[in-house]
Amino acid sequence: MSDSSATLPWLVIRQDDNGNRYRVGRYATEGEAQKIADKLDEHGHKQLYWVERVGQSTRP
């Protein structure tokens, strides 16, 4: 595991309406990442945002 993975182990992922996935950012805590994902989700676009830990994909 790299140093950045150890210090910023939480990812915010965005999936657009075409199924393309992008990493939005890396964060130190799950709470911090969730706050960002929630704020982005408030925009009401077709994109889906979620939080996952580095190395653990929770979405298909």
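As shown above, the structure is provided for reference.
Scoring rules and cut-offs
Residues numbered from 1 in each chain as written. Predicted model: local features only at pLDDT ≥ 70, side-chain atom pairs only at ≥ 80, totals over all residues. Heavy atoms only, no water. Helix = DSSP H or I, 4+ residues; strand = E, 2+ residues; numbered from the N terminus. Contact = heavy atoms within 4.5 Å. Areas by Shrake-Rupley, 256 points an atom, 1.4 Å probe, with all protein chains shown as cover. Pairing = 2+ DSSP bridges. Axes fitted to C-alpha atoms, helices over the stretch in contact; angles between N-to-C directions. Buried < 20%, exposed > 50% of the residue type's maximum accessible area, 1.4 Å probe, protein only. Lys, Arg positive; Asp, Glu negative; His and termini not counted. Salt bridge = Lys/Arg side-chain N within 4 Å of Asp/Glu carboxyl O. Core = buried A, V, L, I, M, F, W, Y, C linked by side-chain atoms within 4.5 Å. Polar contact = N/O pair within 3.5 Å; in protein donor to acceptor, adjacent residues only side chain to side chain.

A. Molecular detail of the overall build of the protein. What the protein contains, in helices and strands, is two helices and three strands. In the protein, the succession of α and β elements from N to C terminus is α-β-β-α-β. Taking the contacts inside the protein whose residues are at least 6 apart along the sequence as the reference set, 43% of them involve residues at least 24 apart. Here the protein has roughly 4,300 Å² of accessible surface; of this, 46% comes from carbon and sulfur atoms.

B. The arrangement of the sheet that holds strand 2 (residues 21-27) in detail. Read from one edge of the open sheet, three strands run 2-1-3, paired in antiparallel fashion. On the outer flanks of this sheet lie strand 2 and strand 3 (48-53), each paired with one strand and no other. For this sheet the average axis-to-axis angle between neighbouring strands, irrespective of direction, equals 25°. The sheet contact formed by strand 1 (residues 10-15) and strand 2 spans six bridges and is antiparallel.

C. Molecular detail of the side chain of Glu52. Mapped onto the elements, Glu52 comes out in strand 3. For the buried Glu52, which has no salt bridge, the nearest side chain bearing the opposite charge is Arg21, at an N-O separation of 6.3 Å.

D. Fine view of the nonpolar core. Of all hydrophobic cores here, the largest spans seven residues; its members are Trp10, Val12, Tyr27, Ala33, Ala37, Tyr49 and Val51. Going through the elements one at a time, strand 1, helix 2 (30-41) and strand 3 are the ones with two or more residues in this core.

E. Representation of the side chain of Asp16 within the structure. Summarising the element assignment, Asp16 is placed in the loop between strand 1 and strand 2. Buried charge Asp16 goes without a salt bridge, the closest partner of opposite sign being Arg14 at 5.0 Å. For Asp16, the side chain forms a polar contact with the main-chain nitrogen of Asn20, separated by 2.9 Å.

F. Spatial organisation of the environment of Arg14. In this structure, Arg14 sits in strand 1. A sequence separation of 26 residues divides Arg14 from Leu40, and the C-alpha atoms of the two residues are 9.3 Å apart.

G. A look at the environment of Leu8. Turning to its location among the elements, Leu8 is positioned in the loop between helix 1 (3-7) and strand 1. Spatially, the C-alpha atom of Leu8 lies 4.8 Å from that of Tyr27, the residues being 19 residues apart in sequence. In this view, Leu8 contacts Arg26, Tyr27, Ala28 and Val54; residues no more than four positions away in its chain are not counted.

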